[in-house]
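# Analysis of the macromolecular model
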Amino acid sequence: MDRIPILKLGHSLLVTIQVDMHDRLAMALEEDLTQKIVSSGAKGVLIDISALEIVDSFIGRTLANIAGVSRMLDADTVVVGMRPAVAITLVELGLSLPGVRTALNAERGMALISRRVAEADRDGAADAPDVHGDE
Amino acid sequence: MSTVTSEVLAIRTGDDVVRVRQGVRTAASKAGLSLVDQTKIITAASELARNTLDYGGGGTARIELVQEPMRRGVRIIFEDQGPGIPDVEQALSDGFTTGRGLGLGLGGSKRLCNEFRIETEAGKGTRVTIARWR
């Protein structure tokens with residue numbers, strides 16, 4: 001069975017979705033990512049969807065699930081590289097991807113994750129109870 | 001003179017949903033739809049193909065490339081012999097779902113099309129026709 005590769009880069013896991021996602025592939029990605037977050041202790045998950053020509057409610061739900069599960073495991077998910085036509089279509093479809101953080105490109109997504117890791121380290125050193133809270 | 005070229009694709013598995021998307025993409029591109037309009041009709045087709053699979057128990061998608069003097073575009077007709085939709089009005093409202101989806105399929109798809117028609121009969125099946133014109 002096909003699987004989407006997951007790369008580790010510093011504190012983060014990097015996933016580039018390049019194929020037309022079908023059900024089994026989406027579920028396999030969710031499972032693989034979950035395991036990899038735990039085994040690697042990653043603090044962030046960067047999902048690059050710049051190759052995706054469409055995002056329908058199924059793919060949207062997969063992204064939202066991944067973000068939800070990652071959060072449970074103390075990792076932030078950032079979806080990057082959404083095409084303009086996809087953004088327009090998603091809004092009209094009524095899918096706002098709740099709980100999914102986005103960034104324009106991979107570079108900004110990584111910066112976002114690095115910033116949050118730095119914040120968590122600082123707060124963690126001060127033994128703050130809510131290490132991932134927003135300011 | 002109007003020309004209609006069409007192909008019929010079976011929808012039996014999740015992979016077929018991907019094939020429907022690819023077929024619609026090809027037709028939408030030939031019809032000369034803008035990139036945004038192509039994305040909208042492919043997304044709507046993906047939602048409806050999934051409905052055909054999940055709620056209709058499988059069926060077919062007929063993809064038509066329409067070239068008429070007054071208009072060019074893509075029309076897709078989804079048919080299944082499933083249980084039908086008891087309350088179309090309710091099924092079209094956002095947030096309504098009987099399955100594992102987000103409940104955006106029908107209402108959301110309607111917003112992405114220029115034409116949208118549902119014919120359904122309890123116990124007989126459902127036919128959804130959508131179109132996007134240039």
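Everything quoted here is computed from the prediction, not taken from an experiment.

## Observations concerning the sheet that holds strand 4 (residues 115-121) of chain B
Residues and elements named next belong to chain B. Strands sit in the order 1-2-3-5-4 across an open sheet of five strands; the sheet is antiparallel. Looking at strand neighbours, the two that pair on one side only are strand 1 (3-11) and strand 4, the edges of this open sheet. Here the average twist between neighbouring strands, direction ignored, is 10 degrees. The pairing of strand 3 (residues 72-80) with strand 5 (residues 125-133) spans eight bridges and is antiparallel.

## Some remarks on the pairing of strand 3 (residues 44-48) of chain A
Residue and element names in this part refer to chain A. Taken across its five residues, strand 3 has five buried, putting it largely inside the fold. What you see with strand 3 is no split at all: G44, L46 and D48 on one side and V45 and I47 on the other are buried throughout. Sheet topology places strand 2 (residues 12-16) next to strand 3; five bridges connect them, and they run parallel. For V15, the partnering residue across the bridge sits in strand 3 and is I47. Traced from strand 2 through helix 1 (residues 23-40) to strand 3, the parallel crossover comes out right-handed. Here five bridges tie strand 3 to strand 4 (residues 76-80), and the two strands are oriented parallel to one another.

## Let's talk about helix 1 (residues 14-30) of chain B
Compared with the 24 Å implied by 1.5 Å per residue over 17 residues, the 25 Å span of helix 1 of chain B between its first and last C-alpha is a close match. Of all the residues in helix 1 of chain B, the buried ones are G14, D16, V17, V18, V20, R21, G23, V24, A27 and A28 of chain B. In this structure, the buried residues of helix 1 of chain B make contact with helix 1 and helix 2 (57-72) of chain A together with strand 1, helix 2 (35-54), strand 2 (59-67) and strand 3 of chain B. With its phi angle positive at about 80 degrees, G32 of chain B sits one or two positions after the end of helix 1 of chain B.

What counts as what
- Residues numbered from 1 in each chain as written.
- Chains lettered and ligands numbered in written order.
- Predicted model: local features only at pLDDT ≥ 70, side-chain atom pairs only at ≥ 80, totals over all residues.
- Heavy atoms only, no water.
- Pairing = 2+ DSSP bridges.
- Helix = DSSP H or I, 4+ residues; strand = E, 2+ residues; numbered from the N terminus.
- Axes fitted to C-alpha atoms, helices over the stretch in contact; angles between N-to-C directions.
- Buried < 20%, exposed > 50% of the residue type's maximum accessible area, 1.4 Å probe, protein only.
- Right-handed = clockwise from strand over helix to strand, strands pointing away.
- Expected span 1.5 Å × (residues − 1).
- Contact = heavy atoms within 4.5 Å.

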